[in-house]
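Given next are the chains, with one letter for each unit.
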Amino acid sequence: MPDYTTIVGLEVHVQLATKSKLFCRCSTQFGAEPNTQTCPVCIGMPGSLPVMNREALDLALKTAVALNCTIPPLTKWDRKQYYYPDLPKGYQISQYDMPMSEHGHLEISDSKDRFESKKIRILRAHLEEDAGKSIHDEVAGRADSVIDLNRTGTPLLEIVSEPDMRSGLEARAYLDELKLLLTYIGVSDCNMQEGSLRVDANVNLHLDSGGEMIATPIVEIKNMNSFRAVERAIEYEAGRQYDVWQETGAKLGDSPKQTRGWDDAAGVTRGQRSKEESSDYRYFPDPDLVPVVFTKEEVAAATASLGEKPADLRGKLQSEHGLSAYDAEVLVNQGRDLLAYYLAAVDVAGDGKAVCNWVSQDVLRVLKEREEPIESFPIAASSLGKFVSKLKSGDLPSSRGRDVFDVMLDKKLSVDEAMHQLGIEEVDDSELETLCQQLLDANPKIVDDVRGGKQQAVGALIGQAKKRNPNADPGRVRQLCLDLIAKM
Ligand SMILES: [Zn+2]
């Protein structure tokens, strides 16, 4: 095993869930006909003036406080100059030296203990406008490129982490937690397929060269289309940098920062154009936009509006509902809709652990098979709660639980209707007690064995009881037999 430490920092661009763009009223709806959601402002016609979208600023502020960032009292807009066909103005409105938030953190943990819980520091989170989309059609030697400017001007929050991650796995955990947090607080749908969340990774190695600590040149990896791809790209890139270092001995500072693209099918990174230095962008304050002031009251209101964060909810499920760290993670990480379903079922059943078992095993299995969200699950939360409470009270024998669940699911029936359809009547205790007494009378050897300390001998009677009454609950039969023997 080569002796090196992988150093990873992530830049995440998140599209904020506003109805209109950052500086004009064009719609941000995904999937419209190309170039139908544009206006003179977002395509940069001379003489048009940007007007800031307050909703975008509010969502950015909410995200920043959720990431424990400091909010400076004053922030401003800067022009980042570069020419590219998908940026018709010739500059992007961004934030340079006075970002709207900085110095936060996000905690990551792993219930499987593959890494230790740690705080990943956030350097800054700032707002900027998105560019359009260039589509290059190079099939069959053609070289026609087309531009769709619908995305131009969509509000983006760029969240820059410190280089605090040490593996692809940690980077993936950070992204999972970040996405979960942003969807819980409702600021973005974080849909990677639609480009609502995009990730670039900065990777290099720290290694020990004969007692001297050496850093390899930093490489920025782009074109990663899933969190899994981010994890794989980082692991690949670490190995590649180690090989290059062994071959050339190149250190940080020997060459400009390199950009490499991830080829998911081939499982490799490939070199791209070298990165411009930030001074090349000739940033300067945008003269068309006034600086923004955040009052203490606004920051406090944003903090108050957050509600419980995923990390808080995991802790609460453990302390209030007796779940394990693993169970709490499974439920919370499915998103807020599934968690709401779980909590509503617990309200009815009054048993967090029992409901968790049914939700994390059966409900999630069915949703996965059907590729459906919890909103379309046929069994309502209250109905599942009633089902679990009937199992708990013994009104529904545990041996028939799965049958009843399946009927509730397939025929969209309540627990009572499903039990009726399956011919499961609630067996009253006196009837069951008579049955048990008859069985004990017919099996004196078992009674003697139990009295002699072999309690498990009673198990032989459960099968016989089920034969005479299929609705008899095995646990109840066992308990009744033991009680009756004790009284003999
Ligand atoms: Zn527009």
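Just so you know, the residues in each chain are numbered from 1, in the order the chain's sequence is written. Confidence filtering applies because this is a predicted model: local features only for residues at pLDDT of at least 70, side-chain atom pairs given and counted only at 80 or more, and all residues used for totals across whole chains, interfaces and linings.

**Student:** Got a minute to help me understand the overall build of the protein chain in this structure?
**Tutor:** From N to C terminus, the protein chain includes 15 helices and 16 strands. The C-alpha atoms of the protein chain give a radius of gyration of 30 Å, which is well past the 23 Å a tight globule of 488 residues would have. Projected onto its principal axes, the C-alpha coordinates of the protein chain cover approximately 95 × 60 × 55 Å. Whether a residue is buried, exposed or partly exposed is read from the other C-beta atoms within 10 Å of its own C-beta, which are placed from the backbone; 20 or more gives buried, 12 or fewer gives exposed, and intermediate counts give partly exposed. By residue count, 35% of the 488 residues in the protein chain fall in the buried class. Taking as baseline every contact in the protein chain between residues at least 6 positions apart, the subset at least 24 positions apart corresponds to 70%. Secondary structure elements follow DSSP: runs of H or I no shorter than four residues count as helices, runs of E no shorter than two count as strands, and numbering proceeds from the N terminus. Radius of gyration here is computed from C-alpha atoms only, and the compact-globule reference equals 2.2 Å multiplied by the residue count raised to the power 0.38. Contacts here follow a simple rule: the backbone-placed C-beta atoms of the two residues must lie within 7 Å.

**Student:** Any chance you could explain the environment of arginine 314 here in plain terms?
**Tutor:** Here arginine 314 lies in helix 5 (residues 310-321). Put simply, arginine 314 and serine 324 are 10 residues apart on the chain and 9.4 Å apart in space, counted from C-alpha to C-alpha. Look past the residues within four positions of arginine 314 in its chain and what remains in contact with it is Ala328, Glu329 and Val332.

**Student:** I would appreciate a short explanation of the pairing of strand 10 (residues 197-209) in the present structure.
**Tutor:** Strand residues, when the strand is regular, have side chains that alternate between the two faces of the sheet. Across 11 bridges, strand 1 (residues 4-15) lies against strand 10 in antiparallel orientation. Along strand 10, the bridge assignment pairs glycine 9 with asparagine 202. Bridging between strand 10 and strand 12 (residues 219-224) involves four bridges; their strand directions are antiparallel. Residue pairing across strands places valine 203 opposite valine 219, the latter belonging to strand 12. Two strands form a pair only when DSSP identifies at least two bridges running between them.

**Student:** Explanation requested: the domain arrangement of the protein chain in the structure shown.
**Tutor:** Where each domain begins and ends follows an automated or database-derived domain assignment. Per the domain assignment, the segments of the protein chain are domain 1 (4-297), domain 2 (308-421) and domain 3 (429-487). Summarising the inter-unit geometry, the C-alpha centres of domain 2 and domain 3 are found 32 Å apart. For this classification, Asp, Glu, Lys and Arg are treated as charged, while Ala, Val, Leu, Ile, Met, Phe, Trp, Tyr, Cys and Pro are nonpolar and the rest, including Gly, are polar. A per-class count over the side of domain 2 that touches domain 3 returns one nonpolar, three polar and no charged.

**Student:** Sorry if this is basic, but what is going on with helix 12 (residues 429-442) here?
**Tutor:** In an α-helix, one turn spans 3.6 residues; hence positions three or four apart end up facing the same way. Expected helix span is computed as 1.5 Å times (number of residues minus one). Taking 1.5 Å of rise per residue, the 14 residues of helix 12 would be expected to cover 20 Å, and the 20 Å separating its terminal C-alpha atoms lies within 8% of that figure. Of all the residues in helix 12, the buried ones are Leu432, Leu435, Cys436 and Leu439. The arc that holds the buried residues of helix 12, viewed along the axis, is 100°, so those residues lie on one side. Relative to its buried face, helix 12 has exposed residues pointing more than 90 degrees away, namely Ser430, Thr434 and Asp441. In this description, one arc is meant: the one made by directions from the helix axis to the C-beta atoms.

**Student:** Mind showing me how you'd approach the environment of tyrosine 96 here?
**Tutor:** The topology assignment puts tyrosine 96 in the loop between strand 4 (91-94) and strand 5 (101-108). In this structure tyrosine 96 comes out as partly exposed when scored by C-beta crowding, with 17 C-beta atoms within 10 Å. The spacing of tyrosine 96 and lysine 76 is 20 residues in sequence and 8.3 Å in space, taken between C-alpha atoms. Not counting chain neighbours up to four residues away, the residues in contact with tyrosine 96 comprise Asp78 and Tyr283.

**Student:** What exactly am I supposed to notice about unusual backbone geometry here?
**Tutor:** Residues other than glycine predominantly adopt negative phi, and peptide bonds predominantly adopt the trans conformation. Backbone geometry at glutamate 371 places phi at a positive 50°, although glycine is not the residue there. Judged by local crowding, glutamate 371 falls into the exposed class, with 6 C-beta atoms found within 10 Å. A positive phi angle, close to 55°, is found at lysine 412, a residue other than glycine. If you trace the backbone, lysine 412 turns up in the loop between helix 10 (401-411) and helix 11 (415-421).

**Student:** Help me out: how do you make sense of the sheet that holds strand 3 (residues 78-81) in this one?
**Tutor:** Within a sheet, adjacent strands bond to each other through the backbone by hydrogen bonds, running parallel or antiparallel. As summarised here, the arrangement of the three strands in space is 4-3-15, forming an open sheet in which the pairing is antiparallel. The open sheet terminates on both sides in strands that have one partner only, identified here as strand 4 and strand 15 (284-285). Bridge count between strand 3 and strand 15: two bridges; the pairing is antiparallel. Among the inter-strand pairings, arginine 79 is bridged to a residue of strand 15, identified as phenylalanine 284.

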